[in-house]
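Examination of the molecular architecture
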Amino acid sequence: MEKTSKIRHLFPGGNTTQGFFSYYDNILRQDEATRIICLKGGPGVGKSTYMKRIGKVMEEKNYDIEYLHCSSDPDSLDGVFIPAIKFAIIDGTSPHVVDPKNPGAVDEIIHLGDFWNEDGIVKNKKQILDVNAAVGKLFKRTYRYLAAAKNLYTDIELIHQDAVNEAGVYIEAQKIISKILGNMNVSKKIGKVRKLFASAITPKGFVHHLDSVVGCNDKVYRIIGEPGTNTSKLLELIIEDAIKKGLDVEAFYCPINPENKIEHLVIKKLGVAFITTNDFHNLEVVNSQIIDMNKYIDYTILNQYFDVLQYDYRVFRELLETAIATINDAKKSHDYLETLYIPHMDFDKVKQNENKTLERILKYAEELNV
């Protein structure tokens, strides 16, 4: 049977309670990469289209593809990664500025600004400066709303922690580790953790790609648990055991706590995935196994905080909704900004450059015999 490509959709960065948070360095490690191209240029110069078209051609040639989406416009790309040849193209512009770390040896810059009419753009200088300033203010306001929401979320977590039996997370972790990792010995080589986002706070609301993160052949565990019931701790314990046994893992983080709260976990070599289920991201999977962390809650304690929790949840959601509306306002302004660049681009030359890049990719594939 002819191989068909596997397509994944991920977010390498996100709008979070800490501002824009980047895991772009986790797209492709420098020591593993064949090539990383940092694509530069202003809004509307065709970066996303450039990457989409290359991804589509490689799809048609049956290569697995990771499409890396923009959290501020989930229909646009911030990157495309071809795992078989370890080749990535990444949008290197603000807010996720990416520059070559090992220029020439690993990565390089392609600047689509080489194909614009600078005189035409300069004529729009005042409008560009004004709109850019407005977009910047809107994102700063968004991040203030999200930071405020985080305070409510923390209070919700702390209330539940008071009512949770802390032993529960170790009980559940031991069950899982014994089942999927129990017959494996500690390795002389520690596994690697790749960090990304499977979901994002976007102008369209909460968007997730769990259906593509989880492989069709994966054994899926669905974790249910209120904030503060140690769902992230459970995944941390599984990761700790997996990497010491030499397994590489993918950990997907939460935009509410992008540095510390793991929501989903994939161990490709074992064909196992763990997804945390809640109102913001859910995926129904046939024959999945449920891990219910709520069973370790003492509701006689929790119910004492009923009114406080109701208030916290309501204000938390209101702040998130306001943040989303503000991101949407920023996107509208950014869309207008693109119109100030598009008429002054030579898209035929952009396409010619794209074709050259595609030729290089196919040459790498031929040299690597993949």
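Right above here is the structure, for reference.
Residues numbered from 1 in each chain as written. Predicted model: local features only at pLDDT ≥ 70, side-chain atom pairs only at ≥ 80, totals over all residues. Heavy atoms only, no water.

Relative to the elements of secondary structure, His209 occurs in the loop between β11 (205-208) and α5 (210-213). His209 sits in the buried class, given a relative accessible area of 15%. Put simply, His209 and Leu237 are 28 residues apart on the chain and 24 Å apart in space, counted from C-alpha to C-alpha. Other than its neighbours up to four places away in sequence, His209 contacts His9, Phe11, His69 and Ala198. (Helix = DSSP H or I, 4+ residues; strand = E, 2+ residues; numbered from the N terminus. Buried < 20%, exposed > 50% of the residue type's maximum accessible area, 1.4 Å probe, protein only. Contact = heavy atoms within 4.5 Å.)

Here we come to the pairing of strand β13 (residues 249-254). Of all six residues making up β13, six are buried, and the element is well covered by its neighbours. Pairing of strand β9 (residues 193-196) with β13, which is carried by four bridges, proceeds in the parallel orientation. The partner of Leu196 across the bridge, within β13, is Phe252. As paired elements, β13 and strand β14 (residues 257-267) share five bridges and run antiparallel to each other. For Glu250, the partnering residue across the bridge sits in β14 and is Val266. Linkage of β13 to β14, two consecutive antiparallel strands, is achieved through a turn of two residues. (Pairing = 2+ DSSP bridges.)

A few words now on a positive patch on the surface. A surface patch of positive charge is lined by Lys137, Lys140, Arg141 and Arg144. One can find Lys137 in helix α3 (residues 125-163). (Patch = residues over 30% accessible without salt bridge, like charges linked within 9 Å, V, L, I, M, F, W, Y side chains within 5 Å. Areas by Shrake-Rupley, 256 points an atom, 1.4 Å probe, with all protein chains shown as cover. Salt bridge = Lys/Arg side-chain N within 4 Å of Asp/Glu carboxyl O. Lys, Arg positive; Asp, Glu negative; His and termini not counted. Charge placed at Lys NZ, Arg CZ, Asp CG, Glu CD.)

Turning next to the packing of aromatic side chains. Counted by the stated rule, this structure contains twelve aromatic pairs. An angle of 45° between the planes, with centres 5.4 Å apart, marks the rings of Tyr23 and Phe197 as tilted. One end of the pair, Tyr23, is in the loop between β3 (19-22) and β4 (35-40); the other, Phe197, is in the loop between β9 and β10 (199-202), with 174 residues separating them in the sequence. Assigned by exposure class, Tyr23 and Phe197 land together as buried. Three or more aromatic residues joined by ring pairs make a cluster, and in this case those are Phe21, Tyr23, Phe197 and Tyr253. When the ring centre of Tyr221 is taken as origin, the NZ or CZ atom of Lys219, which lies over that ring, is 5.7 Å away. (Phe/Tyr/Trp six-rings, centres within 6.5 Å; stacked < 30°, edge-to-face > 60°. Lys NZ or Arg CZ within 6 Å of the ring centre and 35° of its normal.)

Let us now look at the layout of surface pockets. Its boundaries defined by the atoms lining it, the largest pocket holds a volume of some 970 Å³. For the largest pocket, the lining is made up of 40 residues, of which Pro43, Asp91, Thr93, Ser94 and His334 are closest to its centre. Looking at the lining of the largest pocket, the elements with two or more residues in it are α1 (47-60), β6 (73-82), α3 and α8 (306-339). The residue makeup of the lining of the largest pocket, split by class, is 15 nonpolar, 17 polar and eight charged. (1 Å grid on protein atoms, 1.4 Å probe; cavity = no way out; pocket = protein on both sides within 12 Å on 5 of 7 lines; lining within 4 Å. Points joined across faces, edges and corners; volume = space filled by probe spheres on them. Nonpolar A, V, L, I, M, F, W, Y, C, P; charged D, E, K, R; others polar.)

This next bit is on the side chain of Lys40. Relative to the elements of secondary structure, Lys40 occurs in strand β4. A residue is classified by how much of its surface remains accessible, and Lys40, at 13% relative accessible area, is buried. Each residue touching Lys40, except ones within four places of it in the same chain, is listed here: Lys47, Gly92, Thr93, Val97, Val98, Asp99, Ile109, Ile110, His111, Leu112 and Gly113.

Following the criterion strictly, the structure yields 24 salt bridges and no others. A salt bridge links Arg29 to Asp31, with the shortest nitrogen-to-oxygen separation between them at 2.9 Å. Here Glu172 and Lys295 are joined by a salt bridge, their closest N and O atoms 3.2 Å apart. Note that Glu172 is positioned in helix α4 (residues 167-180) and Lys295 in the loop between β16 (289-292) and α7 (299-302), a separation of 123 residues in sequence.

Close contact between α1 and helix α9 (residues 347-368) brings their axes to 10 Å; oriented N to C, the two are set at 40°. In terms of orientation, α1 and α9 fall into the oblique class. For the element pair α1 and α9, the recorded crossing hand is right-handed. Here Tyr50, Arg53, Ile54, Val57 and Met58 of α1 lie close against α9, whose contacting residues are Val350, Lys351, Asn353, Glu354, Thr357, Leu358, Ile361 and Leu362. In terms of residue class, the contact of α1 with α9 is built from eight nonpolar, two polar and three charged. (Axes fitted to C-alpha atoms, helices over the stretch in contact; angles between N-to-C directions. Parallel < 35°, antiparallel > 145°, perpendicular 65-115°, else oblique. Left-handed = near helix turned anticlockwise from the far one by under 90°.)

For the rest of this paragraph, the subject is helix α6 (residues 231-244). Here α6 contains 14 residues, and its C-alpha end-to-end distance of 21 Å stays within 8% of the 20 Å for a straight helix at 1.5 Å per residue. The buried fraction of α6 is high, at ten of 14 residues. Of all the positions in α6, only Thr231, Ser232, Leu234, Leu235, Leu237, Ile238, Ile239, Asp241, Ala242 and Ile243 are classed as buried. Just beyond α6, the residue with positive phi is Gly246, at close to 85°. (Expected span 1.5 Å × (residues − 1).)

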